Amino acid sequence: MTTLTRHGSRRRPTSPARRANGVRGAAWTTLAWLAGLLFFLPVLWMVLTGFKREVDAASNPPTWFFTPVLDGYRQVFDRDLTPYLLNSVTASLVSTLLVLLLATPAAYALSIRPVAKWRDVLFFFISTKMLPAVAALLPIYLLVKQLGMLDNVWTMVVLYTSMNLPLAVWMMRSFLLEVPSALIEAAAMDGASLTVTIRRILLPIVAPGLAATALICFIFSWNEFFFAVNLTATRAGTSPIFLVGFVTSEGLFLARLCAAATIVSLPVVLAGWIAQKQLVRGLSMGAVK
Amino acid sequence: MTRTITAGAGAPPRRAVRPVPLGARQRWTRRAPLLPALTFAIVVTQIPFLVTLYLSTLDWNALRPGRRAFIGLANYGEVLTDARLRAALLNTVLLTAASVVVSVLLGLGLAILLDRRFPGRGVVRTLLITPFLVMPMAAALLWKHAIYNPSYGLINGIAGGSTDWVSQYPMISVVTTLVWQWTPFMMLIILAGLQGQSLETLEAARVDGAGPWQTFTRVTLPYLRPYLELGALLGSIYLVQTFDAVFTITQGGPGTATTNLPYEIYLTTFRKFEYGEAAAAGVVVVIGTIVVATFALRVISSLFRMEGAR
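Being a predicted model, the structure only gives us computed values, none of them experimental.

Draft legend 1. Examining the overall build of chain A more closely. When its secondary structure is counted, chain A shows 13 helices and 1 strand. The order of α-helices and β-strands along chain A, N terminus first, is β-α-α-α-α-α-α-α-α-α-α-α-α-α. Principal-axis analysis of the C-alpha atoms places the extent of chain A at approximately 75 × 70 × 35 Å. In chain A, which comprises 289 residues, the share counted as buried stands at 48%. A sequence separation of at least 24 residues applies to 79% of the contacts in chain A between residues at least 6 apart.

Draft legend 2. Main features of the overall build of chain B. A tally of regular secondary structure across chain B gives 14 helices and 3 strands. Scaling as 2.2 N^0.38, a compact globule of 310 residues should have a C-alpha radius of gyration of about 19 Å, whereas chain B reaches 24 Å, well beyond that. Of all 310 residues assigned to chain B, the portion counted as buried reaches 43%. Counted over contacts in chain B with a minimum sequence separation of 6, partners at least 24 positions apart contribute 75%.

Draft legend 3. Spotlight on the domain arrangement of chain A. Residues and elements named next belong to chain A. Each assigned domain of chain A is listed with its residue range as follows: domain 1 (25–69) and domain 2 (82–283). Relative placement of domain 1 and domain 2: their C-alpha centres are 33 Å apart. Taken together, the contact between domain 1 and domain 2 spans 9 residues of the former and 7 residues of the latter. No other element matches helix 1 (residues 22–50), which puts 4 residues into the side of domain 1 that touches domain 2.

Draft legend 4. Highlighting the environment of B:L267. Structurally, B:L267 is set in helix 13 (residues 261–270). The exposure class assigned to B:L267 is partly exposed, which follows from the 18 C-beta atoms found within 10 Å.

Draft legend 5. Representation of the interface of chain B and chain A within the structure. Chain B puts 98 residues into the contact, and the matching count from chain A is 101 residues. Examining the composition of the side of chain B that touches chain A, we find that 13 residues originate from one element, helix 14 (residues 275–303) of chain B, more than from any other. Each residue belonging to the side of chain B that touches chain A can be placed in one class, and the counts come to 69 nonpolar, 19 polar and 10 charged.

Draft legend 6. Looking closely at unusual backbone geometry. Phi is positive for A:D151, which is not a glycine, with a value near 55°. Considering the arrangement of structural elements, one finds A:D151 in the loop between helix 6 (133–146) and helix 7 (153–176).

Draft legend 7. How the structure looks around helix 6 of chain A. For helix 6 of chain A, which comprises 14 residues, the first-to-last C-alpha distance of 20 Å matches the rise-based estimate of 20 Å (1.5 Å per residue) to within 8%. Of all the bends in helix 6 of chain A, the greatest measures close to 30° and is centred on A:P139. Within the sequence span of helix 6 of chain A, burial applies to A:V134, A:A135, A:A136, A:L137, A:L138, A:P139 and A:I140. Contact partners of the buried residues in helix 6 of chain A: helix 10 (226–231) of chain A together with helix 2 (35–55), helix 13 and helix 14 of chain B.

Draft legend 8. Examining helix 5 (residues 118–130) of chain A more closely. For helix 5 of chain A, built from 13 residues, the straight-helix expectation of 18 Å at 1.5 Å per residue is met to within 8% by its first-to-last C-alpha distance of 19 Å. The complete set of buried residues in helix 5 of chain A reads A:V121, A:L122, A:F125, A:I126, A:K129 and A:M130. Each element contacted by the buried residues of helix 5 of chain A is listed here: helix 7 of chain A together with helix 2, helix 11 (212–239) and helix 14 of chain B.

Draft legend 9. The arrangement of the environment of B:M171 in detail. Residue and element names in this part refer to chain B. Mapped onto the fold, M171 is located in helix 9 (residues 170–195). Residue classification places M171 among the partly exposed residues on the basis of 14 C-beta atoms within 10 Å. Sequence separation between M171 and N91 is 80 residues, and the spatial gap between their C-alpha atoms is 8.7 Å. Setting aside residues no more than four positions away along its own chain, M171 makes contact with L94, L95, A257 and T258.

Draft legend 10. Representation of the packing of helix 3 (residues 71–78) of chain A against helix 12 (residues 254–274) of chain A. Residues and elements named next belong to chain A. Running from N to C, helix 3 and helix 12 point in directions that differ by 75°, and their axes come no closer than 8 Å. Classified by the angle their axes make, helix 3 and helix 12 are roughly perpendicular. Contacts between helix 3 and helix 12 pair D71, G72, Y73, Q75 and V76 from the former with A255, R256, C258, A259, A260 and I263 from the latter. Its residues placed into classes, the contact of helix 3 with helix 12 shows 7 nonpolar, 2 polar and 2 charged.

Draft legend 11. Region of the structure containing the confidence of the model for chain A. When pLDDT is averaged across chain A, the result is 84; 91% of the residues are at 70 or more. The model gives residues 1–17 of chain A a pLDDT under 50, and that stretch makes 35 contacts with residues more than four places away or in other chains.

Draft legend 12. Representation of the confidence of the model for chain B. Residue and element names in this part refer to chain B. For chain B, the mean per-residue pLDDT works out to 84, and 91% of the residues sit at or above 70. Put simply, strand 1 (residues 4–7) is where chain B has its lowest mean pLDDT, 39, and helix 5 (residues 121–133) is where it has its highest, 94. Both scores are given for the predicted complex: the pTM is 0.85, the ipTM 0.85.

Cut-offs used in this document
Residues numbered from 1 in each chain as written. Chains lettered and ligands numbered in written order. Predicted model: local features only at pLDDT ≥ 70, side-chain atom pairs only at ≥ 80, totals over all residues. Helix = DSSP H or I, 4+ residues; strand = E, 2+ residues; numbered from the N terminus. Buried ≥ 20, exposed ≤ 12 C-beta atoms within 10 Å, placed from the backbone. Contact = placed C-beta atoms within 7 Å. Rg over C-alpha atoms; globule rule 2.2 N^0.38 Å. Domains from an automatic or database assignment. Nonpolar A, V, L, I, M, F, W, Y, C, P; charged D, E, K, R; others polar. Expected span 1.5 Å × (residues − 1). Bend = angle between axes of the 7 residues up to and from the residue. Axes fitted to C-alpha atoms, helices over the stretch in contact; angles between N-to-C directions. Parallel < 35°, antiparallel > 145°, perpendicular 65-115°, else oblique. pLDDT = per-residue confidence, 0-100.

Structure follows, in structure tokens:
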């Protein structure tokens, strides 16, 4: 069994072996930069192509130097990207909020004041994450259809909430476990009520954890495609649905497609760039700090 | 940003479990915060499964309205002998295994490159994680149209030739796209591990006369093992459900060359409208998942600290 612990927050000194030394250090640095640029190249290409005219976008050899135009972006918004973006915002933000509201008390009942079978409950949650979405698709589709909730953004809110709930429970639990129990006991000794304990002691300590959990839930619901493509159409379609419709309806316009792909990816890319530290913790469900 | 993993045989509970048995009322006070989440999870994930079980016993094609008969386990016979489904199972295993293994190896290499200080390290790290943040559907469309396209794609544009990558190497095309997206994920987890490694151990290995390669294979790799396992496990949970990339890049083709289970069941449901069969296939997949997951859960419980309650 493995335990992940934090070794204080002191910065690790750079060992002599790892300090860039001379030619070899420069070679490693170059290699790292090349790897970074290689992985980034497709993204760069996507952004560049979005600013091209269609003729330059589909040229061979590829066009690297051109006068940037906004035609692609203008056409994307002319084709009504906005409602899709709004659907994505609603589905992602509301489901993230719901997940936090459900998961945080549950995580509390699995860590600070645990129920008897907390281990089983924890594994029940994670096992629902392993169930293939495809096995649930048909009954969900039929139920949703029966309820007249097809192509409805609230259906997506519910589904995304259930999709992210296990992750959030695990993450919030790992953050709550970091609250020193002495602190909680001291508060109880001083006669602090539960609400005061939560507001004054728990919340300030787990606030970064809440942010990390929210980030991960937002990313996964923003990017979700499988349920969206099968349960929504024009009214409740989210941004990935817009991208797909873009290609099939009128042939391929690469510059426009890349402009659209850039816009819909932007929120998550920016959020991930800003919150890199939280990203690691979140993606590992709290196991890696 | 010091991260540490300490391994031992069985993590001792941080605090002893309270020995005093709780009264019924106290037990319910403890359960109360859990109930909303638990009820929600049970309703939304377990009821559909029960419905799937029921549907799997029906002969129901939505294109023939009114004909819906109970046929017992006949759908299962059909599903288990279906060559398409067997091909899909094989493709799922291949696609998941290839993507996970390659992205873990690449992620390990990149993490080692980034585990030193060098000018612009933060920028390189930011560049590297970007593929993981791009919307998977956007990534799939980008690779298919702007990169793999035989006449104006980036690969042929730079390297020349007129190879039709997607139809000649369908599986490799899909896997490459997935590896591009998941390598940053693996890198982040492994890098977190590397940065928690104690310098004393490395120094000790050096003093004992171990070369860099020996230090890596004998000291660093065993130490990284839990991180590699964690990355591989979480990667598999997501990659086994791959849908976007297959749907967009190859539509499962040519033939059934890249049809994986999610895509095959999607086809059965929404292209052939064989609801009964799709449900039976779903049940089979769930049973398979339970078998694999039982193993996976064992790994998880050893990877996460499961210290005792307070």
